[in-house]
Amino acid sequence: MDVEKMERFNWKKTINPNIIMLKIVGLWPAGDESYGLNIYTLYAIVTIFFFQACHVFFQTANLYFIIDDLKAVTGTFYIVLMDISILLKTYYFTKNMANIKQLMITVDSDLFQPRTPEQRALVQPNLRAWKTLAGAFWFLAVGCGFFWNFFPILDKTYKDYRLPFFGWYPYSTKTSPQYEITYLHQVLAINFTSMANVNINTLIAALNMYVGSQFDLLCDNLRNLHELSEDSSETVSERLKKCIYHHNEILKFADYANQVYSSLLIVEFFVDGVSIGMTMFNLTVAVPLSSEFYLYLGYVNGVTVEIFMYCWFGNEVEIKSNKLPYAVFECDWTEFTSEEKKNLIIFVLRVQKPLQISAFGLFYLSLETFV
C-alpha cells in the first residue's frame, strides 16, 4: 500500500508534550524555524538567564563561604554541578536548534513513513517504550522537585529562614520580604531547570527511538521484497534500490542527530557520574526516612533513569540495525534473478557492521556502558 493512500503517520504526536514543555521554558521556537529577532527569543534569553544562569551563579558563589564545611560543600556542589550541566545542555540545545528542527522535518518525510497498517503496528512498541521511560523520568523528576521545593517546610527549617538551596545573595535573606522573594525565585528556577533537563533528554532519546523505528520499517520492507503488489509495476531491483536509499538516509539521519547531541552526552555522563558518587556520599550521612534522605534518593534514581534512557535506545539502534542481513535472508530470494541476487549480496555485505551511537567516539550508548 502506498503512503499516498494512507493517512500520514504523525511521528511528532508522541513527543508533543515534550515540545509544549520546551516552548514554556523558551527552548522551542514556533514552526520549523530557529531563534530570530522576535519576542519569543527575548523570552528565552530572560528565562535562561534569570532562572538558570543566575541560579547557578548564586550557588557557585556560596561555595566560597562554606568551603570549610564538608557536608555543606558536598550537599551544594553536586547540585551546582547538575545545574551547570543543564545550563551547558541548554546552550548546546539552543545552538543546534536549526539542526534539531531539520531533523524533525526529516523524520516526517515520505521516505520515513510507514507504508502499511502492519508497519504502523510495528513501530508502536518503540513509541510505548519511549513513553514508559519518559514517564518514569518525569515521575522521578517531579518527586525530586517536590522535595527540593518544600524541603524547608517539611523540615520546619523555614522558621530559621532556610532556603531550598544554599546560595549567596547581595542582600540578607533572613528577613521578609527578601526571604519569600528569594524562596520563590529558587522554586521557579529549579522548576524551569528541571523542565529543560527532562525534556531535552527525552527529546534526544526520541531521536534515537526514531532511528530504531526506521530500521524496523526497513527490515519489514526487505523481508517483503518478493511480494510485488498488483497495483505496482515496481521490480525487485527497484524496490531494493529504494531500500538501499532508505538505509543511507537512516545512517545520515543518525549521524546528523549524533553530531547534534554528542556534546550533550559528554557533559551528561561526566556530570552524572560525579553527581551519583557525591549523592551516595550524602545518602550515608542523611537520616533514613527524612525529607533530606528522600531528596538524595530521588535524585540518584532520576539520574540512573536518565542514563538508562540514553543507553537503552542506543542499544536498541545497534540491535535493530544488526537485523538487516537476517531480514534480507528471510525474503524469498531464491526466485530472484542472478543480477538481483548479486545486488542483495552487495547490500548484505554493506550492512554487516551495526550502527552504534557514540559520544564523540569515546564510548557507545549501550547497556554495557550503562552497567
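Rules of the game
Residues numbered from 1 in each chain as written. Predicted model: local features only at pLDDT ≥ 70, side-chain atom pairs only at ≥ 80, totals over all residues. Heavy atoms only, no water. UniProt positions renumbered as here; feature names shortened; annotations may be inferred. Helix = DSSP H or I, 4+ residues; strand = E, 2+ residues; numbered from the N terminus. Buried < 20%, exposed > 50% of the residue type's maximum accessible area, 1.4 Å probe, protein only. Contact = heavy atoms within 4.5 Å. 1 Å grid on protein atoms, 1.4 Å probe; cavity = no way out; pocket = protein on both sides within 12 Å on 5 of 7 lines; lining within 4 Å. Points joined across faces, edges and corners; volume = space filled by probe spheres on them. Nonpolar A, V, L, I, M, F, W, Y, C, P; charged D, E, K, R; others polar.

An unreviewed UniProt entry annotates the chain as 7tm 6 domain containing protein originating from Asbolus verrucosus. Of the comments in the UniProt record for the chain, the one headed Subcellular location (unreviewed entry) reads "Cell membrane".

(A) Spatial organisation of the environment of A53. Position of A53 among the secondary structure elements: in helix α2 (residues 39-63). Under the relative-accessibility criterion, A53 is labelled partly exposed at 24%. Spatially, the C-alpha atom of A53 lies 10.0 Å from that of I86, the residues being 33 residues apart in sequence. Setting aside residues no more than four positions away along its own chain, A53 makes contact with I48 and L87.

(B) Seen up close, empty space enclosed by the protein. Enumeration according to the criterion identifies 2 cavities of 30 Å³ or more in this entry. When its volume is computed, the second largest cavity comes out at roughly 60 Å³. Y92, F93, N96, I100, L203, I204, L207, V260, Y261 and L264 together form the lining of the second largest cavity. The set of elements that each furnish at least two residues to the lining of the second largest cavity consists of α3 (70-95), α6 (178-223) and α7 (236-285). For the lining of the second largest cavity, the class distribution of residues is 9 nonpolar, 1 polar and no charged.

(C) Main features of unusual backbone geometry. Residue P177 follows S176 across a cis peptide bond; omega there is 0°. Backbone geometry places K156, a non-glycine residue, at a positive phi of 60°. Its location among the elements puts K156 in the loop between α5 (117-154) and α6. The exposed category is assigned to K156, whose relative accessible area is 57%.

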